[in-house]
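Okay, here's what each chain looks like letter by letter:
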Amino acid sequence: MARVLIALFSFLFFALVCAGAGVLYIFYQYGRDLPDFSQLADYEPPVMTRIYAGDGSLIAEYASEKRVFVPLDAMPKRVTNAFLSAEDKSFYTHPGVDFMGVFRATVTNLRNYHSDRRPVGASTITQQVAKNFLLTNEVSFSRKIKEAILAFRIERSFSKHHILELYLNEIYLGFGSYGVTAAALNYFDKSLNELSISEIAFLAALPKAPNNYNPIKNPEAAKDRRDWVIGRMMEDGYITPAEAKTAIAEPLVVRDRSETELFKGAEHFAEDVRRELLQRYGESVLYKGGLQVRTTLDPKMQRVAQTALRGGLLAYDRRHGWRGRVSHIPTGPGWLERLAEVHAPAGILDEWQLAVVLSLDATKAIIGLENGQEGTIPLSELTWARQWLPNLGLGPQIRTVSDVLEAGDVVLVQGLEPDAKGEKVPSPGPGTGTSVFGLRQLPAVDGAMVAMDPHTGRVVAMVGGFSYERSEFNRATQAMRQPGSAFKPFVYLTALDSGYTPSSIILDAPAVFEQGPGLPPWRPHNYGNDFLGPTTLRVGVEKSRNLMTVRLAQAVGMKKIAATATKFGIVDRLETNLSSALGSGETTVLRLTGAYAMLVNGGKRIIPTLIDRIQDRTGHTIYRHDDRECPNCRETFWTGQSMPELPDTREQITDPMSAYQIVSILEGVVQHGTGRKVAAVGKPLAGKTGTSNDSNDTWFVGFAPDLAVGVFVGFDVPHSLGGHETGGSVAAPIFRDFMASTLVDQPATPFRIPPGIRLVRVNHHSGRPAEPGDKDVIVEAFKPGTVPGEAPTTVLDGGIPGVTEGPGAETGGTESGGTVTTGEEMTGEGATGVAATPVVPEAGGLY
């Protein structure tokens, strides 16, 4: 008997030694080439970059994995408890592997060996950290062994607190959510501390198989799994039976993001910010670095800008006719199903919808909508829809509905509602409560708009086109277009810096300029082909006179004008031919608006920016647009100290008195000249129209004392907008509508006058000091010593300087070729020898 016991114990001892040796061999064999887990000590998970507007509204998010990292101490205890109940209730007691859990899983899997059930796992949270961070999702025994080895090592190296923090921020929970914080936002539109017990339990149910428990695709399975987690939480003592009963009774409802929803309408702006971040920091930091970017965008102004630009584009488009239906389907039974198969064009407005014409008579069309509702389009809403013809022609007047529509046509419509006067106006929503609709079409033309703080360069609004969905191309920053006459203020600014005054007289008469051997003569002309004769510099800008501008450019010198254009950031290099003075060079809306901003701010250099500040994932500021030092600005409390003063470090790039003279002249453009449509705003405004050759590009760029705005409208593939379409008719109304809405509650602030300027009452036509009985009198701005006398002045013509004024010039009858200089002292380069400088015939500068 003793021998038997000795043999038995010997066998058991030998078996234990063999088993131990086997375990040691397995640990040695599989533990040799495992990943280095020390990286978990300083682990920084990929975190999304967020772009915010100036008021804190979320504009955009960029991430390879949508994650918001939250320290474990900042998470509600109930959230961590729910995950412990669902995934690893013995987390705080096991050494990395739960041996009892492994035993239970083994027994269960043996019982289910011949069934179709998926094998039950026993991975602890530590093992899941090892798998998610260091291993793959391969289903094999070798991976499980490596996972266990790593779990032991991780437990010996890190605290339970750190391991759980890694897990809750790394785990994928479906809906594109990495970590519990992102999941709370994406599933329930809530922060962690706002979640109910049932919502917490659902999130804790997801790690096992997020796709299997998708609450939209598999609502029953999702609720069953949630209820199971609630039961586990009750068993573990984390909630009471009453709380569990209440939580189970709650329906599982997924909520779209609303309060944290991205601000809509700034997609072009956000894309430009993304490109700048990519250029500054690279792709990895952009998509994984967790940058917090505070931009310059003002959401209120952005909405107004988008509405104004869209309204102007639609108004132009309606003036040029109807281009036809979206599609055509059979009417009769089944029309609703057939309408549902028609795809709406990309970029339609939210308040538009598809409709099919079911029937029509002479005065109205009966339409069917996508929701099955029926409505009407009255004839009065179709009178604009004359047939579009090539070369911007229009078909005959609309006299009956059948001139535009026929049964089966699928068109875009917008609901109409009565206003306070009982008149039908467009509905701001989808118009589901109305039965009257208007016909709509997407505009073929496009445009851009920029609004900027002229003192800092902060871009408060930017609209890059009618719709980002239709075209991601940003016409505010990427489209190089000819500014036409919108460039002229910088020609006249150069002249003012060279000794001219607003009252200098320049001849407005026909002229021919030789371009050089083998090139035809250049004959610039005014819009309308009329001539004013000897005219003041001011009126030349107000009336946008091309011939006056060319003569002045020739006298001042194109090299000086090119230097001004570069100094103001309009172009990097301007061709020094005379046609450049009429805006034949190319620039962007952002650059030209920035140049106008430097006029109204007194000639101080600014750098247009979309970004105020950038912080890294730890909150450290790594970029600030305003880099001026201000130690006293960082005081936490006010204790009676004086207001901190910030130094003005902006470079002075032009004489502030010259800048103000141009501002005053551009104010005259609005009051007396080509920008008169803008005057309806009723506030001090200044600006300039611009129309390139053949009306391919139309502009209005201008400003209030504290806001600069640029508007451009044109076809993406440049061609004429129409013979009678100009910056004044197309772009100026957009500028007007934006300013009217933006400045409605603002006081009428006059433009700031720099020291040294003399304000003198002069005759608007002659520029001479006003006399008793003069009717057209304005207040003109002069530099010291330049106020004109009452003696007859001299006239600038376009040929050789130094010839005395002749009587023909005073009446506008002087032939080109003789130059009569003004009485004011000039420091220009004189005639520039245009024969040696080729120019583009008739380029730019129309009205």
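Coordinates for the structure precede this section.
These numbers come from a predicted model, not from an experiment.

**Student:** Now, about the sheet that holds strand β21 (residues 686–691): what can you tell me, with residues and values included?
**Tutor:** Spatially, the 5 strands line up as an open sheet ordered β16-β15-β23-β22-β21, and their pairing is antiparallel. Edge strands, defined here as strands with exactly one partner in the open sheet, are β16 (459–463) and β21. Averaged over all pairs of adjacent strands, the angle between strand axes in this sheet comes to 5°, irrespective of strand direction. Of the pairings in the sheet, the one linking β21 to strand β22 (residues 697–704) comprises 6 bridges and is antiparallel in character. The residue bridging Gly-687 from the neighbouring strand is Gly-702, located in β22. Helix α18 (residues 589–600) contacts β15 (446–452), β16, β21, β22 and β23 (707–714) of the sheet and is inclined by roughly 35° relative to β22.

**Student:** Got a sec to walk through a positive patch on the surface? Specific residues and values, please.
**Tutor:** On the surface, Arg-294, Arg-613, Arg-624 and Arg-634 cluster together into a positively charged patch. With respect to the helices and strands, the residue Arg-613 is situated in strand β19 (residues 611–615). Residue classification places Arg-613 among the partly exposed residues on the basis of a relative accessible area of 32%.

**Student:** Can you break down helix α12 (residues 299–319) residue by residue, with the values?
**Tutor:** Taking 1.5 Å of rise per residue, 21 residues should cover 30 Å, and α12 covers 30 Å from first to last C-alpha, within 8% of that figure. If you check which residues of α12 are buried, you get Pro-299, Met-301, Gln-302, Ala-305, Gln-306, Ala-308, Leu-309, Gly-312, Leu-313, Leu-314, Tyr-316 and Asp-317. The inward-facing, buried residues of α12 contact β7 (352–360), β15, β16, β23 and α20 (732–742). Measuring from the backbone nitrogen of Lys-300 back to the side-chain oxygen at the start of α12 gives 3.0 Å, which picks out Asp-298 as the cap.

**Student:** Give a description of helix α16 (residues 546–556) that names residues and reports values.
**Tutor:** Burial runs high along α16: 11 of the 11 residues are buried. Of all the positions in α16, only Asn-546, Leu-547, Met-548, Thr-549, Val-550, Arg-551, Leu-552, Ala-553, Gln-554, Ala-555 and Val-556 are classed as buried. If you follow the buried residues of α16, they end up packed against α14 (488–497), β17 (505–508), β18 (533–536), α15 (537–542), α17 (558–567) and β26 (795–796).

**Student:** For unusual backbone geometry, give the residues involved together with the corresponding values.
**Tutor:** A positive phi angle, close to 55°, is found at Asp-189, a residue other than glycine. Here Asp-189 is to be found in the loop between α7 (180–188) and α8 (197–205). At Leu-392, a residue that is not glycine, the phi angle is positive and equals roughly 65°. Within the fold, Leu-392 resides in the loop between β10 (388–389) and β11 (393–394).

About the criteria used
Residues numbered from 1 in each chain as written. Predicted model: local features only at pLDDT ≥ 70, side-chain atom pairs only at ≥ 80, totals over all residues. Heavy atoms only, no water. Pairing = 2+ DSSP bridges. Helix = DSSP H or I, 4+ residues; strand = E, 2+ residues; numbered from the N terminus. Axes fitted to C-alpha atoms, helices over the stretch in contact; angles between N-to-C directions. Contact = heavy atoms within 4.5 Å. Patch = residues over 30% accessible without salt bridge, like charges linked within 9 Å, V, L, I, M, F, W, Y side chains within 5 Å. Areas by Shrake-Rupley, 256 points an atom, 1.4 Å probe, with all protein chains shown as cover. Salt bridge = Lys/Arg side-chain N within 4 Å of Asp/Glu carboxyl O. Lys, Arg positive; Asp, Glu negative; His and termini not counted. Charge placed at Lys NZ, Arg CZ, Asp CG, Glu CD. Buried < 20%, exposed > 50% of the residue type's maximum accessible area, 1.4 Å probe, protein only. Expected span 1.5 Å × (residues − 1). Polar contact = N/O pair within 3.5 Å; in protein donor to acceptor, adjacent residues only side chain to side chain.

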